Amino acid sequence: MSEIIVFGAGGRTGRAAIAEALRRGHGVTAVVRDPAKYGDLAGERVRVVAGDVTDADAVAELAAGHDGAIAAVYDPAAPTADFFTRAVRALRDGLDRAGVRRLVWVGLASVLPTASGVLLMDTAGYPQEYRQFYLAHGAGNAVLREVGGGPDWVVLSPAGDFDHAGTRTGVWRRADGDAESRVSYPDFAIGLLDELDTPSLHGVHVGIADGR
């Protein structure tokens with residue numbers, strides 16, 4: 001059994017990651033902003049704690065004794081322009097100090113290359129009203145790629161979007177960015193835990209799609 005820490009545990013992706021971790025027998029520390037709002041997450045092998053993913057000291061303290069980390073974070077109250085870069089820097093620093101050697105960062109399909117090499121957000125017809133959000137995610141990825149310190153990492157995102165009503169099929173596959181691609185939350189979580197338990201992807205952003 002491993003001890004996993006999940007930042008952003010209250011969202012749908014975080015919850016799916018916790019469920020998959022428990023399925024595999026792991027213990028989980030679920031980090032949220034306000035534990036009082038997420039009492040339903042707590043369980044025999046799940047400890048719910050308050051934490052700020054942009055605070056490296058807090059990350060280091062919470063992550064001590066864990067084998068790996070998943071970050072599926074977003075703060076609607078924080079300035080979009082620098083939230084993801086601040087979170088990545090704090091995670092790199094804090095996890096390194098805590099001795100956590102693997103980070104799986106949940107990214108965004110919009111900044112994933114398509115089969116042609118063009119980023120999904122730059123393809124014809126792709127919605128542009130959230131472009132600043134896409135760019136902010138991309139800036140976070142760029143900080144991960146900076147040389148110097150931090151855990152081994154991979155960025156995983158849906159290749160297109162989530163199938164919000166989808167169920168667990170038990171399989172997933174790597175895929176280029178594709179606006180029509182879909183993956184269920186449970187299958188996406190399998191990819192997250194696979195890359196935490198037995199890492200095969202290093203220093204890259206990879207899309208996940210339905211594997212059937």
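Shown above is the structure to which this text applies.
Residues numbered from 1 in each chain as written. Predicted model: local features only at pLDDT ≥ 70, side-chain atom pairs only at ≥ 80, totals over all residues. Heavy atoms only, no water.

Peer 1: Looking at this structure, I do not really get the sheet that holds strand E10 (residues 205–210). What am I missing?
Peer 2: Pairing between the strands of a sheet is mediated by backbone hydrogen bonds and can be parallel or antiparallel. Pairing is mixed in the open sheet, where 8 strands are placed in the order E3-E2-E1-E4-E5-E6-E10-E8. The open sheet is flanked by strand E3 (46–50) and strand E8 (172–175), the only strands paired with a single partner. This sheet shows a mean twist of 25° between the axes of neighbouring strands, independent of strand direction. For strand E1 (residues 3–7) and strand E2 (residues 27–32), the ladder comprises 5 bridges, and the chain directions are parallel. (Pairing = 2+ DSSP bridges. Helix = DSSP H or I, 4+ residues; strand = E, 2+ residues; numbered from the N terminus. Axes fitted to C-alpha atoms, helices over the stretch in contact; angles between N-to-C directions.)

Peer 1: Would you explain the nonpolar core in this entry?
Peer 2: A general trend in soluble globular proteins is that nonpolar side chains are found buried together. Of all hydrophobic cores here, the largest spans 29 residues; its most connected members are Ile-18, Ile-70, Leu-156, Phe-188 and Leu-192. Listed by contribution, the elements that provide at least two residues to this core are E1, helix H1 (12–23), E2, strand E5 (102–106), strand E6 (152–158), helix H5 (185–197) and E10. When residues of this core are assigned to their parent elements, the largest contribution, 6 residues, is made by H5. Each residue touching Leu-192, except ones within four places of it in the same chain, is listed here: Thr-13, Ala-17, Ile-70, Val-104, Val-106 and Leu-156. (Core = buried A, V, L, I, M, F, W, Y, C linked by side-chain atoms within 4.5 Å. Buried < 20%, exposed > 50% of the residue type's maximum accessible area, 1.4 Å probe, protein only. Contact = heavy atoms within 4.5 Å.)

Peer 1: Looking at this model, I keep getting lost on the pattern of salt bridges. Mind explaining?
Peer 2: A full pass over the atoms with the stated rule returns 15 salt bridges. Here Arg-97 and Asp-93 are joined by a salt bridge, their closest N and O atoms 3.0 Å apart. Linking Arg-97 with Asp-93, this pair stays in helix H3 (residues 80–98), spanning 4 residues, or about one helical turn. Classification of Arg-97 as partly exposed rests on a relative accessible area of 47%. Residues Glu-195 and Arg-102 are paired through a salt bridge, measuring 2.8 Å at the closest nitrogen-oxygen approach. In this pair, Glu-195 sits in helix H5 while Arg-102 sits in strand E5, placing the two residues 93 residues apart along the sequence. (Salt bridge = Lys/Arg side-chain N within 4 Å of Asp/Glu carboxyl O.)

Peer 1: When you look at the packing of aromatic side chains in this model, what are you seeing that I'm missing?
Peer 2: Two aromatic rings are characterised by how far apart their centres lie and by the angle between their planes. Summed over all chains, the structure comprises 7 aromatic pairs. On the numbers, 6.4 Å between centres and 90° between planes, the contact of Phe-84 with Trp-105 is edge-to-face. In this pair, Phe-84 sits in helix H3 while Trp-105 sits in strand E5, placing the two residues 21 residues apart along the sequence. Pairing Phe-162 with Tyr-185 gives two aromatic rings, centres 4.0 Å apart and planes at 10°, and the pair type is stacked. Taken together, the residues Phe-162 in strand E7 (residues 161–163) and Tyr-185 in helix H5 connect sequence positions 23 residues apart. Neither Phe-162 nor Tyr-185 differs from the other in exposure class; each is buried. Within the aromatic cluster, the residues linked to one another by ring pairs are Tyr-74, Phe-83, Phe-84, Trp-105 and Phe-133. (Phe/Tyr/Trp six-rings, centres within 6.5 Å; stacked < 30°, edge-to-face > 60°.)

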